[in-house]
Amino acid sequence: MRRSILTAFALATLATGAVAAEDFVTERRLMVQEIESMAAPLAGETGIAKFDPRVLRALTETPRHEFLPKELAGVAYKNRTLSIGHGQTISQPFIVALMSELLHVKDTDRVLEIGTGSGYQTAILSALAREVYTIEIIPELATTARNVLARLGYANVTAKTGDGYKGWREYAPFDAIIVTAAPDYVPPALIEQLKPGGRMVIPVGGLLQDLMLITKKPDGMTISTAIVPVRFVPFIRE
Ligand code: SAH
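Residues numbered from 1 in each chain as written. Predicted model: local features only at pLDDT ≥ 70, side-chain atom pairs only at ≥ 80, totals over all residues. Heavy atoms only, no water.

Moving on to the environment of Phe24. Inspection of the secondary structure puts Phe24 in the loop between helix 1 (2-16) and helix 2 (25-46). For Phe24, a relative accessible area of 6% puts it in the buried group. Those residues in contact with Phe24 that sit more than four places away from it in its chain are His65, Ala73 and Tyr77. (Helix = DSSP H or I, 4+ residues; strand = E, 2+ residues; numbered from the N terminus. Buried < 20%, exposed > 50% of the residue type's maximum accessible area, 1.4 Å probe, protein only. Contact = heavy atoms within 4.5 Å.)

Structure (C-alpha coordinates):
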(Lines give C-alpha, C1' and ligand atoms only; values in the text may rest on other atoms or scores of the structure.)
Protein backbone atom coordinates (compact mmCIF):
# COMPACT_ATOMS: atom_id res chain seq x y z
CA MET A 1 0.00 0.00 0.00
CA ARG A 2 2.71 2.39 1.08
CA ARG A 3 4.58 1.52 -2.09
CA SER A 4 1.68 2.26 -4.40
CA ILE A 5 1.21 5.68 -2.80
CA LEU A 6 4.88 6.45 -3.28
CA THR A 7 4.67 5.35 -6.88
CA ALA A 8 1.61 7.48 -7.51
CA PHE A 9 3.46 10.44 -6.04
CA ALA A 10 6.51 9.80 -8.19
CA LEU A 11 4.33 9.65 -11.30
CA ALA A 12 2.49 12.82 -10.38
CA THR A 13 5.71 14.75 -9.87
CA LEU A 14 7.11 13.28 -13.07
CA ALA A 15 4.08 14.49 -14.98
CA THR A 16 4.36 18.03 -13.64
CA GLY A 17 8.13 18.06 -14.02
CA ALA A 18 8.39 19.26 -10.42
CA VAL A 19 11.37 16.99 -9.65
CA ALA A 20 13.98 15.24 -11.73
CA ALA A 21 12.53 12.08 -13.31
CA GLU A 22 13.05 8.97 -11.18
CA ASP A 23 15.63 6.71 -12.77
CA PHE A 24 14.59 3.39 -11.16
CA VAL A 25 18.19 2.18 -10.66
CA THR A 26 17.26 -0.01 -7.68
CA GLU A 27 14.18 -1.48 -9.39
CA ARG A 28 16.31 -2.32 -12.42
CA ARG A 29 18.96 -4.08 -10.29
CA LEU A 30 16.27 -6.15 -8.56
CA MET A 31 14.79 -7.08 -11.94
CA VAL A 32 18.19 -8.26 -13.16
CA GLN A 33 18.73 -10.29 -9.97
CA GLU A 34 15.37 -11.97 -10.50
CA ILE A 35 16.30 -12.80 -14.12
CA GLU A 36 19.65 -14.20 -13.01
CA SER A 37 17.99 -16.35 -10.35
CA MET A 38 15.59 -17.83 -12.92
CA ALA A 39 18.41 -19.06 -15.19
CA ALA A 40 19.62 -22.06 -13.18
CA PRO A 41 16.20 -23.68 -12.49
CA LEU A 42 15.28 -23.33 -16.19
CA ALA A 43 18.68 -24.41 -17.52
CA GLY A 44 17.40 -27.94 -18.23
CA GLU A 45 15.04 -26.42 -20.82
CA THR A 46 16.95 -23.39 -22.07
CA GLY A 47 20.50 -24.75 -21.90
CA ILE A 48 21.53 -21.50 -20.18
CA ALA A 49 22.63 -21.77 -16.55
CA LYS A 50 24.16 -18.31 -16.40
CA PHE A 51 23.63 -15.20 -18.49
CA ASP A 52 26.48 -13.47 -20.32
CA PRO A 53 27.63 -10.44 -18.27
CA ARG A 54 27.19 -8.26 -21.37
CA VAL A 55 23.49 -9.18 -21.53
CA LEU A 56 23.08 -8.52 -17.80
CA ARG A 57 24.83 -5.16 -18.14
CA ALA A 58 22.56 -4.15 -21.03
CA LEU A 59 19.50 -5.05 -18.90
CA THR A 60 20.91 -3.14 -15.93
CA GLU A 61 21.51 -0.01 -17.98
CA THR A 62 18.44 0.10 -20.23
CA PRO A 63 15.57 2.24 -18.86
CA ARG A 64 12.59 -0.06 -19.60
CA HIS A 65 10.15 2.50 -18.14
CA GLU A 66 11.02 4.93 -20.96
CA PHE A 67 9.60 2.44 -23.49
CA LEU A 68 6.22 2.17 -21.75
CA PRO A 69 3.20 4.43 -21.49
CA LYS A 70 3.82 6.84 -18.53
CA GLU A 71 1.16 5.23 -16.34
CA LEU A 72 3.04 1.90 -16.43
CA ALA A 73 6.40 3.32 -15.25
CA GLY A 74 5.71 2.00 -11.74
CA VAL A 75 5.49 -1.63 -12.94
CA ALA A 76 8.16 -1.38 -15.65
CA TYR A 77 10.65 -3.49 -13.70
CA LYS A 78 8.31 -6.32 -12.77
CA ASN A 79 9.16 -9.49 -14.68
CA ARG A 80 5.91 -9.21 -16.64
CA THR A 81 4.54 -8.81 -20.12
CA LEU A 82 2.77 -5.42 -20.41
CA SER A 83 0.41 -3.86 -22.90
CA ILE A 84 1.83 -1.18 -25.22
CA GLY A 85 -1.46 -0.51 -27.05
CA HIS A 86 -2.70 -1.55 -30.52
CA GLY A 87 -3.20 -5.08 -29.15
CA GLN A 88 0.57 -5.50 -28.75
CA THR A 89 2.80 -6.26 -25.78
CA ILE A 90 6.32 -5.65 -24.53
CA SER A 91 7.90 -9.03 -23.76
CA GLN A 92 8.63 -10.18 -20.23
CA PRO A 93 12.19 -9.09 -19.25
CA PHE A 94 13.27 -12.73 -18.71
CA ILE A 95 12.29 -13.54 -22.31
CA VAL A 96 14.17 -10.47 -23.58
CA ALA A 97 17.23 -11.70 -21.65
CA LEU A 98 16.84 -15.25 -22.94
CA MET A 99 16.42 -14.22 -26.60
CA SER A 100 19.36 -11.80 -26.37
CA GLU A 101 21.50 -14.53 -24.81
CA LEU A 102 20.57 -17.14 -27.42
CA LEU A 103 21.61 -14.75 -30.21
CA HIS A 104 25.26 -14.57 -28.98
CA VAL A 105 25.48 -10.96 -30.21
CA LYS A 106 29.02 -9.60 -30.54
CA ASP A 107 29.93 -5.92 -30.65
CA THR A 108 30.90 -6.30 -34.32
CA ASP A 109 27.51 -7.79 -35.32
CA ARG A 110 24.75 -6.40 -37.48
CA VAL A 111 21.37 -7.51 -36.19
CA LEU A 112 17.90 -7.53 -37.76
CA GLU A 113 14.86 -7.30 -35.50
CA ILE A 114 11.31 -7.95 -36.72
CA GLY A 115 8.68 -6.42 -34.38
CA THR A 116 10.11 -3.21 -32.88
CA GLY A 117 7.04 -2.80 -30.65
CA SER A 118 8.05 -0.55 -27.75
CA GLY A 119 11.71 -0.48 -28.84
CA TYR A 120 12.92 -2.01 -25.56
CA GLN A 121 14.43 -5.15 -27.10
CA THR A 122 15.89 -2.89 -29.80
CA ALA A 123 17.66 -0.84 -27.11
CA ILE A 124 19.10 -4.00 -25.50
CA LEU A 125 20.40 -5.14 -28.89
CA SER A 126 21.78 -1.67 -29.56
CA ALA A 127 23.96 -2.04 -26.46
CA LEU A 128 25.23 -5.46 -27.61
CA ALA A 129 25.69 -5.05 -31.37
CA ARG A 130 27.40 -2.74 -33.82
CA GLU A 131 24.25 -1.98 -35.80
CA VAL A 132 20.58 -2.83 -35.32
CA TYR A 133 17.96 -2.76 -38.10
CA THR A 134 14.40 -2.96 -36.87
CA ILE A 135 11.03 -3.26 -38.63
CA GLU A 136 7.57 -2.64 -37.13
CA ILE A 137 4.31 -3.12 -39.02
CA ILE A 138 2.08 -0.82 -36.90
CA PRO A 139 2.97 2.78 -37.89
CA GLU A 140 2.03 4.37 -34.53
CA LEU A 141 4.25 1.93 -32.57
CA ALA A 142 7.08 2.39 -35.09
CA THR A 143 6.94 6.18 -34.67
CA THR A 144 6.78 6.10 -30.87
CA ALA A 145 9.68 3.64 -30.62
CA ARG A 146 11.80 5.58 -33.10
CA ASN A 147 11.26 8.80 -31.12
CA VAL A 148 12.19 7.21 -27.79
CA LEU A 149 15.29 5.53 -29.23
CA ALA A 150 16.41 8.83 -30.77
CA ARG A 151 15.71 10.83 -27.61
CA LEU A 152 17.74 8.38 -25.51
CA GLY A 153 20.63 8.46 -27.99
CA TYR A 154 20.58 4.92 -29.44
CA ALA A 155 22.51 6.03 -32.51
CA ASN A 156 23.28 2.62 -34.07
CA VAL A 157 19.61 1.80 -34.75
CA THR A 158 17.98 2.08 -38.18
CA ALA A 159 14.19 1.67 -38.09
CA LYS A 160 11.42 1.38 -40.64
CA THR A 161 7.69 0.76 -40.80
CA GLY A 162 6.62 -2.29 -42.80
CA ASP A 163 6.09 -6.03 -42.99
CA GLY A 164 9.17 -7.86 -41.76
CA TYR A 165 8.17 -11.05 -43.61
CA LYS A 166 10.60 -10.21 -46.39
CA GLY A 167 13.37 -9.10 -44.05
CA TRP A 168 15.46 -6.07 -45.08
CA ARG A 169 17.31 -7.01 -48.27
CA GLU A 170 19.11 -3.66 -48.55
CA TYR A 171 21.15 -4.32 -45.38
CA ALA A 172 21.36 -8.14 -45.55
CA PRO A 173 23.04 -10.42 -44.65
CA PHE A 174 22.82 -10.24 -40.85
CA ASP A 175 24.88 -11.93 -38.14
CA ALA A 176 21.76 -12.35 -36.03
CA ILE A 177 18.00 -12.09 -36.57
CA ILE A 178 15.37 -11.81 -33.83
CA VAL A 179 11.61 -12.00 -34.38
CA THR A 180 9.28 -10.94 -31.55
CA ALA A 181 5.90 -11.94 -33.05
CA ALA A 182 4.99 -15.55 -33.85
CA PRO A 183 4.50 -16.71 -37.47
CA ASP A 184 3.26 -20.23 -38.33
CA TYR A 185 6.54 -20.97 -40.08
CA VAL A 186 9.93 -19.28 -40.40
CA PRO A 187 9.77 -16.69 -43.21
CA PRO A 188 12.13 -18.00 -45.95
CA ALA A 189 13.61 -14.54 -46.62
CA LEU A 190 14.86 -14.40 -43.04
CA ILE A 191 16.75 -17.68 -43.48
CA GLU A 192 18.24 -16.30 -46.72
CA GLN A 193 19.29 -13.06 -45.05
CA LEU A 194 21.08 -14.82 -42.18
CA LYS A 195 24.87 -15.02 -42.63
CA PRO A 196 26.55 -18.44 -42.61
CA GLY A 197 27.55 -18.88 -38.97
CA GLY A 198 24.63 -16.65 -37.95
CA ARG A 199 21.84 -17.24 -35.43
CA MET A 200 18.11 -16.52 -35.47
CA VAL A 201 15.69 -16.61 -32.53
CA ILE A 202 12.01 -16.75 -33.41
CA PRO A 203 8.77 -17.93 -31.78
CA VAL A 204 6.93 -20.29 -34.15
CA GLY A 205 3.39 -21.64 -33.96
CA GLY A 206 -0.25 -20.73 -33.37
CA LEU A 207 -1.76 -21.10 -29.92
CA LEU A 208 1.12 -23.32 -28.86
CA GLN A 209 4.43 -21.79 -29.82
CA ASP A 210 8.04 -22.80 -29.41
CA LEU A 211 10.89 -20.36 -29.16
CA MET A 212 13.20 -21.67 -31.90
CA LEU A 213 16.93 -21.17 -32.27
CA ILE A 214 18.03 -21.48 -35.88
CA THR A 215 21.73 -21.63 -36.64
CA LYS A 216 23.17 -21.44 -40.13
CA LYS A 217 26.30 -23.49 -40.62
CA PRO A 218 29.20 -22.20 -42.73
CA ASP A 219 27.98 -24.38 -45.64
CA GLY A 220 24.53 -22.73 -45.48
CA MET A 221 22.68 -25.68 -43.89
CA THR A 222 20.37 -24.67 -41.04
CA ILE A 223 19.73 -26.44 -37.75
CA SER A 224 16.55 -25.66 -35.76
CA THR A 225 16.24 -26.31 -32.05
CA ALA A 226 13.09 -25.77 -29.95
CA ILE A 227 14.16 -24.03 -26.73
CA VAL A 228 11.04 -23.37 -24.62
CA PRO A 229 7.26 -23.05 -25.08
CA VAL A 230 6.32 -19.36 -25.28
CA ARG A 231 3.32 -17.12 -25.95
CA PHE A 232 3.92 -14.20 -28.30
CA VAL A 233 1.48 -12.02 -30.24
CA PRO A 234 0.79 -13.37 -33.75
CA PHE A 235 2.93 -12.29 -36.70
CA ILE A 236 0.86 -9.91 -38.85
CA ARG A 237 0.97 -9.96 -42.66
CA GLU A 238 0.56 -6.83 -44.76
N1 SAH B 1 10.24 -6.53 -29.05
C2 SAH B 1 9.03 -5.83 -28.73
C3 SAH B 1 7.87 -6.79 -28.66
C4 SAH B 1 6.69 -6.23 -29.35
S5 SAH B 1 5.37 -7.37 -29.64
C6 SAH B 1 9.21 -5.05 -27.44
O7 SAH B 1 10.23 -5.23 -26.75
O8 SAH B 1 8.37 -4.21 -27.13
C9 SAH B 1 5.66 -7.79 -31.33
C10 SAH B 1 5.61 -6.68 -32.33
O11 SAH B 1 5.72 -7.25 -33.63
C12 SAH B 1 4.32 -5.86 -32.33
O13 SAH B 1 4.62 -4.51 -32.14
C14 SAH B 1 3.74 -6.13 -33.71
O15 SAH B 1 3.05 -5.02 -34.24
C16 SAH B 1 4.97 -6.47 -34.52
N17 SAH B 1 4.75 -7.23 -35.74
C18 SAH B 1 3.87 -8.24 -35.93
N19 SAH B 1 3.97 -8.72 -37.19
C20 SAH B 1 4.94 -8.00 -37.80
C21 SAH B 1 5.50 -8.02 -39.11
N22 SAH B 1 5.05 -8.84 -40.06
N23 SAH B 1 6.50 -7.14 -39.40
C24 SAH B 1 6.95 -6.27 -38.46
N25 SAH B 1 6.45 -6.20 -37.22
C26 SAH B 1 5.45 -7.05 -36.88
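Text resumes after the structure shown.
All right, on to the site of the ligand then. The immediate surroundings of the ligand are formed by 23 residues, with Ser118, Glu136, Asp163, Gly164 and Ile236 found nearest. In this structure, Glu136 approaches the ligand through a side-chain N or O atom, which is 2.6 Å from an oxygen atom. Protein chains shield 99% of the accessible area of the ligand, which is 580 Å² for the free molecule. With respect to the pocket detection grid, the ligand is positioned in the largest pocket. If you list the elements that add at least two residues to the shell around the ligand, you get strand 2 (88-90), strand 3 (110-114) and strand 4 (131-136). In terms of residue count, the dominant contributor to the shell around the ligand is strand 2 (three residues). Residues of the shell around the ligand, tallied by class, amount to 10 nonpolar, 10 polar and three charged. (Near = heavy atom within 4 Å. Polar contact = N/O pair within 3.5 Å; in protein donor to acceptor, adjacent residues only side chain to side chain. Areas by Shrake-Rupley, 256 points an atom, 1.4 Å probe, with all protein chains shown as cover. 1 Å grid on protein atoms, 1.4 Å probe; cavity = no way out; pocket = protein on both sides within 12 Å on 5 of 7 lines; lining within 4 Å. Sits in = over half its atoms within 2 Å of the grid points. Nonpolar A, V, L, I, M, F, W, Y, C, P; charged D, E, K, R; others polar.)

The next thing to look at is the environment of Asp107. Position of Asp107 relative to the elements: it lies in the loop between helix 4 (93-103) and strand 3. Put simply, Asp107 and Ala127 are 20 residues apart on the chain and 8.3 Å apart in space, counted from C-alpha to C-alpha. Leave out the neighbours within four places in its chain, and Asp107 touches Arg54, Leu128, Ala129 and Arg130.

Attention now moves to helix 2. The α-helix winds at 3.6 residues per turn, so residues separated by three or four positions along the chain end up facing the same way. At Ala40, helix 2 is bent by approximately 55°, the largest bend along its length, and proline Pro41 sits one to four residues beyond. Of all the positions in helix 2, only Glu27, Arg28, Met31, Val32, Ile35, Ala39, Ala43 and Thr46 are classed as buried. After helix 2 finishes, the residue Gly47 shows a positive phi value of roughly 80°. (Bend = angle between axes of the 7 residues up to and from the residue.)

A few words on the sheet that holds strand 8 (residues 209-216). Taken in spatial order, the seven strands make up an open sheet running 5-4-3-6-7-8-9, and their pairing is mixed. For this open sheet the edge positions go to strand 5 (157-161) and strand 9 (222-230), each flanked by a neighbour on one side alone. Looking at each pair of strands side by side, their axes are set apart by 15° on average, direction ignored. Inspection of the sheet shows strand 7 (residues 194-205) paired to strand 8 by seven bridges, in the antiparallel sense. The residue bridging Pro203 from the neighbouring strand is Leu211, located in strand 8. Along the sheet, helix 6 (residues 139-151) contacts strand 4 and strand 5; its crossing angle with strand 5, the most-contacted strand, is approximately 160°. (Pairing = 2+ DSSP bridges. Axes fitted to C-alpha atoms, helices over the stretch in contact; angles between N-to-C directions.)

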